[in-house]
Amino acid sequence: MLFTDLPLNPNILKGIAELGFEKPTPVQEATIGQLIEEDRDLIGLAQTGTGKTAAFGLPMIEKIDVKSKNVQGLVIAPTRELCVQISNDFKAFSKYIPKLNIATIYGGASMDKQAKEIRSGAQIIVATPGRLMDMMRRKMVKINQVNYTVLDEADEMLNMGFKEDIDGILEHTPQDKCTWLFSATMPKTVAKIANSYMENPLEITIGHKNIGAENIHHIYYNVNERERYHAVKRILDFHPNIYGLIFCRTRRTTQDIADKLLKDGYNAAPLHGDLSQMQRDKAMQKFREKTLQILVATDVAARGIDVDNISHVINYHLPDDIESYTHRSGRTARAGKKGESIAIVSNKDIHRIKQIEKKIKIQFDALELPSGKEICEQQILRYADKIKRVKINENELAKLLPSIQNDLSSFSKEDLIKRIISIEFNQLLDYYEKSKGVGSAKNKGQKGWAKDNNHERFFINLGYNKGLNKGGLLRLICSNTNLPSESVGELDLYNDFSFFEMEKSLAEKIIGDLQDKQYDGKDFVVEIASKDGKRSKGNSNRKPTSKKRNQRDNKRVKRKR
Ligand code: ADP
Ligand code: MG
């Protein structure tokens, strides 16, 4: 189905085409035609990122009579940020509809200005419950002509204690209006609202398959309780291009983590209810513009925020209720993109991972935090990339170059590279040298499987320099041996070579399957590594499997020495 198959007027189609929408999402397919053709109540259960705003926005806009200046459509949403977002979406949908006015009503901003917006003929109001009630009491807004009311993120509004305000608002709307309620979950409290204010509602449930959910990689790191913050730093350092959200449970932790990150030189800012509206606006604006890389937020403050291209969601603590995990992770991998949702857990809260997996039917990967060495490599690679891509201002530089060249002429190219890298990275290298101890809580002092007698550590003479990364190595092993990726244990990559662990009983097969194979057009060698983790020098551990391989191997070893 395409949007053009729906009973939408050409001006709306033009607006959404401009946004790049072609096909309605499942929730949109289920609501738009129905609600336009028949005035009725509706309950929509759908996860974040499924396109609910257009699901209620397009039929509402379609139904508005622009010749009238009465408030005909009312959208209630839990937070200011969400209201602003819905309002902006509505304005984009109705860009080509002349005389359609939308007023946005929320706390912390001038009430007079908002009242003026309404008076100038807004047919649609998007509001937070608290401020709307306030303005109704002051007779600054009249909602007795409303035909369509939307309760967006109803579960969250109730969580936030807006029950009374919602009751108050709905009581002042006409009896025969339509109510469209959207919620990610259906707790009793929401069902109660539905029962008391809706008549024979059409119920639609869009399963757990939200646009993004399938593309989210869920990961957890098990660390010691007091190493949570260090774990976050490692994750951020390992992803220098991160554009992410860090969720904390309380306002205080949110502020605390943001402060620490800021002090440690990260491009981070907090977002929580104790900040002034201005501070919150500023943070959101910078985050949207991507001048801010990391937003540290409480669940409530970040609720429903729709920012595209968020690469990572980090759960500093897991949320108290499991459903919130869905909301948090749904901030990434929107509109078909990929994303990672990372949970940092200690032995105290690791059991919650299982609960979440069961309840929302996802699978976490248990990973080890990136090592200091891996992080430094990532950072240096990014820096090298920056050097490659930097724009050079030839004219201005020409004036300065002679004296610089004179000063640095005694250094070789290699030396210069080392020095440039050291300026940038000494601090980071020092930090990771000192913090070697930080790591997984479960394997303290014991690295990997190879310590037990059933597993073997293998050496391969390929590493980052040959374009290999962990995924690439895993694929190389699995595709040649036909073994599942679970059969591969720890992967240790270095520049020129790498190690991987597998079951000892498979050693012969693995070495056999991987011989005389190529990676990226090049030969490589796999053999059993010695117990101290280095590659074995002698042959004692190794069953020679082919003459050719041995010859090649010897040649290579000679060259190395
Ligand atoms: P929800 O309210 O369910 O969390 P939103 O309405 O905020 O989801 O939509 C999520 C994202 O998907 C937004 O960036 C929106 O612009 C985009 N989107 C919504 N519908 C479509 C569509 N039909 N085609 C492409 N993108 C869409
Ligand atoms: Mg929404």
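Refer to the structure above for everything that follows.
Residues numbered from 1 in each chain as written. Chains lettered and ligands numbered in written order. Predicted model: local features only at pLDDT ≥ 70, side-chain atom pairs only at ≥ 80, totals over all residues. Heavy atoms only, no water.

Visitor: Tell me about the packing of helix H16 (residues 372-389) against helix H18 (residues 413-434), and name the residues and values.
Guide: Interaxial distance between H16 and H18 falls to 10 Å at its minimum, and their mutual angle equals 160 degrees. Taken together, H16 and H18 sit at an angle that is classed as roughly antiparallel. Considering the relative orientation of H16 and H18, their crossing is right-handed. Two secondary-structure elements touch here, H16 through Gly372, Ile375, Cys376, Gln379, Ile380 and Tyr383 and H18 through Ile420, Ile421, Glu424, Phe425, Leu428, Leu429 and Tyr432. For the contact of H16 with H18, the per-class residue count stands at ten nonpolar, two polar and one charged. (Axes fitted to C-alpha atoms, helices over the stretch in contact; angles between N-to-C directions. Helix = DSSP H or I, 4+ residues; strand = E, 2+ residues; numbered from the N terminus. Parallel < 35°, antiparallel > 145°, perpendicular 65-115°, else oblique. Left-handed = near helix turned anticlockwise from the far one by under 90°. Contact = heavy atoms within 4.5 Å. Nonpolar A, V, L, I, M, F, W, Y, C, P; charged D, E, K, R; others polar.)

Visitor: A description of the sheet that holds strand E16 (residues 491-493) should follow, citing residues and the corresponding values.
Guide: Spatially, four strands are ordered E16-E17-E15-E20 in an open sheet, and the strand pairing comes out antiparallel. Two strands lie at the open edges of the sheet, namely E16 and strand E20 (526-528), each paired on one side alone. Pairwise comparison of adjacent strand axes, ignoring direction, gives a mean angle of 25 degrees for this sheet. In this structure, E16 lies alongside strand E17 (residues 498-503), joined through three bridges in antiparallel fashion. Bridging from a neighbouring strand, leucine 493 pairs with serine 498 of E17. This element, helix H19 (residues 470-481), spans strand E15 (455-460), E16 and E17 of the sheet and lies at about 120 degrees to E16. (Pairing = 2+ DSSP bridges.)

Visitor: Give me the nonpolar core: which residues, what numbers.
Guide: The biggest cluster of nonpolar side chains holds 39 residues, and the ones touching the most others in it are Leu8, Leu58, Met60, Phe90 and Trp180. At the level of secondary structure, the elements contributing two or more residues to this core comprise helix H1 (10-18), helix H2 (26-37), helix H3 (52-63), helix H4 (80-93), strand E4 (124-127), strand E5 (148-151), strand E6 (178-183) and strand E7 (202-205). The element best represented in this core is H3, accounting for six residues. Sequence-distant contacts of tryptophan 180, defined by excluding residues within four places in its chain, comprise Leu35, Arg40, Asp41, Leu42, Phe56, Pro59, Met60, Tyr148, Thr149, Val150 and Leu151. Grouped together as the second largest cluster of nonpolar side chains are 33 residues, Leu74, Met111, Leu158 and Met198 included. (Core = buried A, V, L, I, M, F, W, Y, C linked by side-chain atoms within 4.5 Å. Buried < 20%, exposed > 50% of the residue type's maximum accessible area, 1.4 Å probe, protein only.)

On their own, these measurements won't tell you what the molecule is for.
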